[in-house]
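Now for the letters of each chain:
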Amino acid sequence: MSDDEVDHELLNLLRKSLGLGEKDSSLPPETGVLTDAEYIYNNSTDVALDMRHTKIAAMEILSQMNQREYSTKTWSSHELHPKEKNESTVNFIFTMDLLNFSFWSEKSEEERFSVSWKGKKWTGYWSLVAALQRGLEEGLPITTPEFWADELECSEEVLRRVFRSATKEEMPMFEERVKCLREAGRVIEEEFDGSVITLIEDAKNSAAGLVNILAERFSCFRDEAKFERRKVRLLKRAQIFVADLWAAFEGEGYGRFHDIDKITMFADYRVPQMLHSLGALSFCPPLEGRIRRKLPIESGESWEIQIRGCSIWAIELLRREIIKLDPEAKVNAILIDFLLYDLAKEKERNGEEAIPHHRTRSIWY
Ligand SMILES: Nc1nc2c(c(CN[C@H]3C=C[C@H](O)[C@@H]3O)cn2[C@@H]2O[C@H](COP(=O)(O)O)[C@@H](O)[C@H]2O)c(=O)[nH]1
């Protein structure tokens, strides 16, 4: 019996002895990510949050949100994001967030992996979006799960063509991305009638429910770790999939979720960097030294979990400060996160000084 099963059994025995009965499965679903992020924050010794800077950052973020009229509509305004509110956009977003990880490179801007499309060279997250758009334009059903499961039609050569680079550097973790596509294609074919729409409908408009289905049924979405002897859930790509659906469909249709505010920030390698620039998050000297020297931090090691968990908690504290400033503000962790990502990329484009992002190679973010 695993630790978790023992915990589950003990909890039910305790509940029975208190006359509470077994855990009531009719309760609304929870992902547990925010609770785990708070646990990580409360047990972090190498990453700290600063409330004074958090309060100042909250004022800046609220002002940026108002100036930019930041809303779910902003998502579709990005040049490469799909605009139609239909099933093909659902499939596009699922494919995108299945592979939305680890684009960073130590090569120069000219030599790093990039995708040429629409007369531009796209890097980072946008290289993935451009590659999928280009693949569709070249007539490949690259966003169709049935295609990914068919190793003859969707051969490794075909996939190498879809994700071909404009430089000598190939897409980072290409083999791992193929594995994600194969697993997702198989699971959707076998368990969801071959349709992402069926998967979404199974969640019955619950954001937390959809995150939990992804984490339970797809190992490539099961972004969890052990921290201080406890299992913690971060579920970054499962959550950003729900968030992108919600934003792309502006909270309607396939993007309608009654509990969307249960989605937390997406623990990636960009937003922690921005939180550090804002002074809201800081690292102990040995960790800061490791980050500044661009030395690897292993996936699952304590430092990495502290960076990810404290970042999630930092966005929750920012959200609370923003609501204190303006109780009417239409803001949640998703919109704060999206804005911080976009601001981080603007700072980078403007050549503004920032601590390097941390170097963890993983399929989780
Ligand atoms: N927390 C968070 N992480 C995000 C995004 C996005 C893009 N979201 C778009 C949709 C709405 C927003 O307005 C954005 O326009 C990508 N990433 C993550 O960053 C990393 C890529 O970084 P770089 O190599 O520099 O492009 C990689 O882990 C990727 O998974 C986000 O929004 N939040």
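Scroll up to find the structure.
These numbers come from a predicted model, not from an experiment.

Caption draft 1: Main features of the site of the ligand. The full set close to the ligand counts 22 residues, and Asn-100, Lys-236, Arg-270, Asp-337 and Lys-345 are the nearest of them. In the environment of the ligand, an oxygen atom lies 2.4 Å from a nitrogen or oxygen atom belonging to the side chain of Lys-236. Burial of the ligand by the protein chains amounts to 99% of its free accessible area of 660 Å². With 5 residues, helix H16 (residues 333-349) is the single largest residue contributor to the shell around the ligand. Residues belonging to the shell around the ligand are distributed by class as follows: 12 nonpolar, 4 polar and 6 charged.

Caption draft 2: Fine view of the pairing of strand E5 (residues 230-233). Across 4 bridges, strand E4 (residues 224-227) lies against E5 in antiparallel orientation. Note on E5: the bridge partner recorded for Ala-225 is Val-232. Remark: 2 residues form the turn of the hairpin made by E4 and E5, two consecutive strands paired antiparallel; Glu-228 in that turn has positive phi of roughly 50°.

Caption draft 3: Just H16, in detail. Across its 17 residues, H16 extends 24 Å between first and last C-alpha, which sits within 8% of the 24 Å expected from 1.5 Å per residue. Across the 17 residues of H16, 14 count as buried, placing the element largely inside the fold. Phi turns positive one or two residues past the end of H16, at Gly-351, with a value near 70°.

What counts, and where the lines are drawn
Residues numbered from 1 in each chain as written. Predicted model: local features only at pLDDT ≥ 70, side-chain atom pairs only at ≥ 80, totals over all residues. Heavy atoms only, no water. Near = heavy atom within 4 Å. Polar contact = N/O pair within 3.5 Å; in protein donor to acceptor, adjacent residues only side chain to side chain. Areas by Shrake-Rupley, 256 points an atom, 1.4 Å probe, with all protein chains shown as cover. Helix = DSSP H or I, 4+ residues; strand = E, 2+ residues; numbered from the N terminus. Nonpolar A, V, L, I, M, F, W, Y, C, P; charged D, E, K, R; others polar. Pairing = 2+ DSSP bridges. Expected span 1.5 Å × (residues − 1). Buried < 20%, exposed > 50% of the residue type's maximum accessible area, 1.4 Å probe, protein only.

That's the geometry; what it means functionally is another story.
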